[in-house]
Amino acid sequence: MLMTLGTPPSEAETDAWHDVIAAAHLQDVPASVPEPGRTETAGKLRVESPNGRMLHLVWAAPDGSYDGVATLLLFTEESNRHTAFLDALVVRPEARRRGVGGQLWGAIRAELTADGRSSVSTMLELGGAGEAFVDGLGFSKVLPLAWYVQRVREAHAELPQPRLPDGYRFADWEGVVPDALADEFARAHDVMRDAPSGGVDEQTPSWDAERVRGAARLIDDRGGIILTSVVLAEADGTGTGAADSTGGAGTGVGSVAAYTELVLRDPSHTRALQYDTVVVPEHRGRGLGRAVKRRLLSTLTERHPGVREISTSVADDNAPMLAVNAALGYRRERPAGIFQAKL
């Protein structure tokens, strides 16, 4: 039976949803990849994205358990009102090949059509059940990428501490960006517009201070943790007046030359997710990308010593970031891709 999940869901509904996610993870993903925590599942179901309307669908079995679940994010920003992101369409392994996935997809497609969307994208493991399922639904791979993993203790022991050129210094924080750096941090985020995106219809948003604050608050509200390290190009180039190592800032803070972010979607996780790493164009070629990622590695080991690995996805044609990651000891784990369907 097809149902729309209540908002907010009950604890029993959250447990039933998480059971499907966990069972499918064990079936579909290599054993080396830690399964999602319940905190992560509950956070996604409980807290809406600030940039879209979320639809959570369930295919329930007669006994009340769930055979399949799906989450669709319908973007509400004007630049992306034409498209959407399928965050999950998961069927319990023992319930597959019974039409459950087809029923969920039918409901999703009807919602997309009714809302005037002309495309939908999703991220999938290559060679798995997800890719096989979407193959007959009109999806095509528009951005090939792969997951890479860094072992935290090995990298922290083997890699030298980062050194910056004159006129630069580090700043670090956990959670929301300090007010004194918010505008500069937003400007640096806008550089992500030049990252490889293949043929994905979703447009890279314009970032401002409130948007970067909102992105961090969403992770916090969903029960996760976000760590950030930045490289500041100091206003006077003399090493004075910039933010200190805890993220405090004086009146002479210069521009954000580079930044990187790590996220623990569940504080109990032993694998962190590497989010964006950006070097602003006029500061490239000085080793800042490698330095800022090495800096955040030290912060992670100090503040969250239980984390054993860092995982990140990188587009196959993003040669600069692949080179930086290789120098930091990341190894390729498994292929993936962004798939898109035109409606």
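Just so it is clear, the structure is predicted and the values come from calculations on it, not from any experiment.

Trainee: An account of the confidence of the model for the protein chain is needed here, citing residue identities and associated values.
Mentor: Residues with a pLDDT of 70 or more make up 93% of the protein chain, whose mean pLDDT is 92. Counting interchain partners and residues more than four positions distant, the pLDDT-below-50 stretch residues 236-251 has 32 contacts.

Trainee: Describe the side chain of Thr14, and please don't skip the residues or the numbers.
Mentor: Positionally, Thr14 belongs in helix α1 (residues 11-28). Judged by its relative accessible area of 3%, Thr14 is buried. The contacts of Thr14, once residues within four sequence positions are left out, are Pro9, Arg38, Thr41, Ala42 and Leu45.

Trainee: Could you give me a rundown of the pattern of salt bridges, with the residues and numbers involved?
Mentor: Tallied over the entire structure, the rule returns 23 salt bridges. Note that Arg187 and Glu184 form a salt bridge whose closest N and O atoms lie 2.8 Å from each other. Highlighted residues: Arg187 and Glu184, both in helix α6 (residues 182-189), separated by three residues, approximately one helical turn. Given the relative accessible area of 51%, Arg187 is considered exposed. Here Glu184 falls in the partly exposed class, since its relative accessible area comes to 21%. Across the salt bridge formed by Asp201 and Lys342, the nearest N and O atoms sit 2.7 Å from each other. Residue Asp201 is located in the loop between α6 and α7 (209-221), and its partner Lys342 is located in strand β12 (residues 331-342); the two are separated by 141 residues in the primary sequence. Exposure remark for Asp201: the relative accessible area of 14% places this residue in the buried category.

Thresholds applied
Residues numbered from 1 in each chain as written. Predicted model: local features only at pLDDT ≥ 70, side-chain atom pairs only at ≥ 80, totals over all residues. Heavy atoms only, no water. pLDDT = per-residue confidence, 0-100. Contact = heavy atoms within 4.5 Å. Helix = DSSP H or I, 4+ residues; strand = E, 2+ residues; numbered from the N terminus. Buried < 20%, exposed > 50% of the residue type's maximum accessible area, 1.4 Å probe, protein only. Salt bridge = Lys/Arg side-chain N within 4 Å of Asp/Glu carboxyl O.

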